[in-house]
Amino acid sequence: MTMAPDNLDNRLVLNHEYGEQSFPYEEWRWLRANEPVHMTDAENVQPFWAITKHRHITEISSQPDVFSSAAGNIILFRKDQMDVIADESNPFNQMRVIISMDPPDHRTFRKVASGFFTPRGITRLDEIVTDTATLMMDRLAEHGDEPVDFVELVAQRHPLRVLCTILGVPEADEDRLLELTSQLFAFDDPDVGRPGEDRVAASAELGMEFFTMFNTIIEDRRANPRDDLASLLANATLENGEPMGLVETLGYYLIVFNAGHDTTRHSLSGAMAAFLDHPEEFARLKADPSLIKTAVEEIVRWTAPVNYMKRTALRDYQLDDTLIREGEAVAMFYGAANRDEEVFDDPDRFDVGRTPNRHLGFGWAEHYCLGAHLAKASIAALLEQMVERVDSIEPAGDRSVVSASFVHGYKHLPVRVNWSS
Ligand code: HEM
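Note that the coordinates shown come from a computational prediction; the quantities given were computed from them, not determined experimentally. (Residues numbered from 1 in each chain as written. Predicted model: local features only at pLDDT ≥ 70, side-chain atom pairs only at ≥ 80, totals over all residues. Heavy atoms only, no water.)

1. Quick look at empty space enclosed by the protein
Piece 1. Applying the stated criterion across every chain, the model contains 1 cavity of 30 Å³ or more.
Piece 2. In this structure, the largest cavity occupies an estimated 60 Å³ of space.
Piece 3. Looking at the lining of the largest cavity, the elements that each hand over two or more residues are helix 14 (246-277) and helix 18 (372-389).
Piece 4. Among the residues making up the lining of the largest cavity, the classes are represented as 9 nonpolar, no polar and no charged. (1 Å grid on protein atoms, 1.4 Å probe; cavity = no way out; pocket = protein on both sides within 12 Å on 5 of 7 lines; lining within 4 Å. Points joined across faces, edges and corners; volume = space filled by probe spheres on them. Helix = DSSP H or I, 4+ residues; strand = E, 2+ residues; numbered from the N terminus. Nonpolar A, V, L, I, M, F, W, Y, C, P; charged D, E, K, R; others polar.)

2. Brief notes about helix 14
Piece 1. Under the 1.5 Å per step criterion, the end-to-end length of helix 14 is 46 Å for 32 residues, consistent within 8% with the ideal 46 Å.
Piece 2. For helix 14, a buried count of 28 out of 32 residues is recorded, marking the element as mostly surrounded by other parts of the structure. (Expected span 1.5 Å × (residues − 1). Buried < 20%, exposed > 50% of the residue type's maximum accessible area, 1.4 Å probe, protein only.)

3. Structural notes on the site of the ligand
Piece 1. Around the ligand lies a shell of 27 residues, among which H106, R110, R311, H367 and C369 are the nearest.
Piece 2. Within the contact set of the ligand, an oxygen atom lies 2.6 Å away from a side-chain nitrogen or oxygen of H106.
Piece 3. One of the side-chain N or O atoms of Y334 is found 3.5 Å from an oxygen atom in the ligand.
Piece 4. Listed by contribution, the elements that provide at least two residues to the shell around the ligand are helix 7 (105-117), helix 14, strand 5 (308-313) and helix 18.
Piece 5. Considered class by class, the residues forming the shell around the ligand number 15 nonpolar, 9 polar and 3 charged. (Near = heavy atom within 4 Å. Polar contact = N/O pair within 3.5 Å; in protein donor to acceptor, adjacent residues only side chain to side chain.)

4. Thoughts on the pattern of salt bridges
Piece 1. A complete count under the given rule lists 31 salt bridges for this structure.
Piece 2. Between D348 and R29 there is a salt bridge, with its nearest N and O atoms 3.5 Å apart. Residue D348 is located in the loop between helix 17 (334-337) and helix 18, and its partner R29 is located in helix 3 (residues 25-34); the two are separated by 319 residues in the primary sequence.
Piece 3. Residue D348 is classed as partly exposed on the basis of its relative accessible area, which comes to 36%.
Piece 4. Given a relative accessible area of 36%, R29 falls into the partly exposed group. (Salt bridge = Lys/Arg side-chain N within 4 Å of Asp/Glu carboxyl O.)

5. Considerations on the sheet that holds strand 12 (residues 414-419)
Piece 1. The strand order 4-12-9 describes an open sheet built from 3 strands, whose pairing is antiparallel. Where the open sheet ends on each side, the last strands, each with one partner, are strand 4 (148-149) and strand 9 (390-395).
Piece 2. Along the sheet face, helix 18 touches strand 9 and strand 12 and points at about 100° away from the line of strand 9. (Pairing = 2+ DSSP bridges. Contact = heavy atoms within 4.5 Å. Axes fitted to C-alpha atoms, helices over the stretch in contact; angles between N-to-C directions.)

6. Examining the coordination of the iron atom of the ligand
Piece 1. Counting protein donors to the iron atom of the ligand gives just one, C369 (SG), placed at 2.3 Å.
Piece 2. Along the chain, the position of C369 falls in the loop between helix 17 and helix 18. (Donors = N, O, S within 2.8 Å, 3.2 Å for Na, K, Ca; no water.)

7. Focus on the packing of helix 10 (residues 157-167) against helix 18
Piece 1. One way to put it is that helix 10 packs onto helix 18 with a least axis distance of 11 Å and a crossing angle of 130°. Between helix 10 and helix 18, the interaxial angle falls into the category oblique. In this structure, the crossing between helix 10 and helix 18 has a hand that is right-handed. In this structure, helix 10 uses H158, V162, L163 and I166 to contact helix 18, whose residues at the interface are L374, S378 and L382.
Piece 2. For the contact of helix 10 with helix 18, the residue count by class is 5 nonpolar, 2 polar and no charged. (Parallel < 35°, antiparallel > 145°, perpendicular 65-115°, else oblique. Left-handed = near helix turned anticlockwise from the far one by under 90°.)

8. Side note on helix 15 (residues 279-287)
Piece 1. By the burial criterion, the buried members of helix 15 are E281, F282 and L285. End-on, the buried residues of helix 15 take up no more than an arc of 100°, which puts them together on one face.
Piece 2. Where the residues of helix 15 are buried, they touch helix 14, helix 16 (292-303), helix 18 and strand 9. (Arc of directions from axis to C-beta.)

9. So, unusual backbone geometry
Piece 1. Following P103, the chain continues into P104 via a peptide bond in cis, with omega recorded as 5°.
Piece 2. Along the polypeptide, P104 turns up in the loop between helix 6 (91-94) and helix 7.
Piece 3. Here T355 and P356 are connected by a cis peptide whose omega angle stands at -5°.
Piece 4. Take P356: it is sitting in the loop between helix 17 and helix 18.
Piece 5. Unusually for a residue other than glycine, N7 sits at a positive phi of about 60°.
Piece 6. Residue position: N7 is located in the segment before helix 1 (8-13).
Piece 7. We classify N7 as partly exposed; its relative accessible area is 40%.
Piece 8. Positive phi, close to 30°, is recorded for A304, a residue that is not glycine.
Piece 9. Mapped onto the secondary structure, A304 falls in the loop between helix 16 and strand 5.
Piece 10. Relative accessible area serves as the criterion here: at 2%, A304 is assigned to the buried category.

Have a look at this one:
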C-alpha cells in the first residue's frame, strides 16, 4: 500500500481546499485503491466515512431504511455552524424538502411532481430549453470573438431562465434569485455575499427572502392556475386527498430551484472547460451531432457537480470489510465513483461517445435526481446550438472554481469563441 496523500482528510471536504485545488481526483484514486471506505476526520467537520467506490454508493443508496436522508443533514456542515443549522427559527428548517425525507413520506411527496419531470411530462419543456439555449447563444454571439466569461454569460443564465420559467418567477426577480442561490451554496466563498459576514448565520435572512418570493407566486397560482409546475405545486393534493401543506409546497420550490440551478450551471461550464482541454472532442461532436446524447451523459459523469450526499446509518451495517455503526455519517462522493476503474474503461478520458456510461452523477435509486431529464435536455439544447454555430473555442484567461465542496464547479471561465461563418 502506498502512503496516503498529505492532508487527505481536509482535502476531501473543506470548502477552501476545493476553492484552491478543485476536485481531489488524486486522493480519490488513492482511496479507491487502498481504503474505499475511509474514516475522515477533517478540521472542524463531524467525522464521517468517505465512500469512493461505485458499488458501495449503489449499495448505500438502495437502502434508505438503513442509510437515512432524514436523520441528519445531507450536507457536512462545519462543527461551529451546527447551532445555526439546527436553529428552529431558521426558515430553512421550517420547509420540508423531499431530498431530506425517507420513505414512506419521501415517496408520497416525490409523487406530487414526478409526473411533471418524466420525459413525457417534459415535452412542453423542450420548447423552453431550446428557446433559452438559442437566446443564450444569441447573447454570446453579440460579443463576437472578444474574451467573455462563459459562466456569467451562459452557464448560470441558462438554467436560471429555464427554472424561473417553469416556477413562474417574474423576469425582474431573476437577478436577485441568482444572488440568493449562489450565496446559499458557496457560503465559504470570500467573493460571495457581504464582506466579513457569517454566511451560515445569514442563511436565515436568505431563507426569509426565498420564502416571501415563492409565497407570492403560490398565492397567485392558487388564484389563477396555469399549465406550469408552479400551478401544479401550489394546488397539489396528496394521495389521501389532502392539499399539500405550505411547508412542503415552499420546500418544493426551494429544492427544485436550488437543486436545479447550480448543478446545471456547473455541468455547462464544466462541459466548456472539458472542450477547451480536449478540443478534439468538440470537433468530433461537431462532425457527428448524433453523439450529443452520449456527450450529455459524459458531461455529467465528468463534471459531477453534486460532489457528495450524506446519509446517517440507522443501524449497524457491514459494508464489505467495514462496520458502519448506528448514528455514523457516510458521504458518497459521486465524482470519485464516476472515475472508478472497476466500472469505466479509461476513466480519466473525456469521451463524448462513451457507452456504456453507468455514471452516478444524478445519484441512484430512492433519491435519483428528479430533474435529471430536464438537466439533460438543457445541456443537450445548448450543445445543439454550439455544434451548429461555434467553430472552435479557446481559453482567454485564468479559470477559477467556487470554494464549495458540496456543489462544486467553475466560478469564472474566460473563453474566446470563433463562430462558424
Ligand atoms: C446536471 C445537473 C444535475 C445534477 C448533477 C443533479 C444531481 C443530483 C443528485 C446527485 C441527486 C441525488 C441526491 C441524493 O441521493 O440524496 C439529485 C436529487 C435531486 N435533484 Fe438533481 N441534479 C441536477 C439537476 C437538477 C434539476 C435541473 C432539478 C430540478 C428541476 C433537480 C432536482 C432534484 C431534486 C428535486 C432532487 C431530490 C430528489 C429526491 O429526493 O427524490 N436536479 N440531483
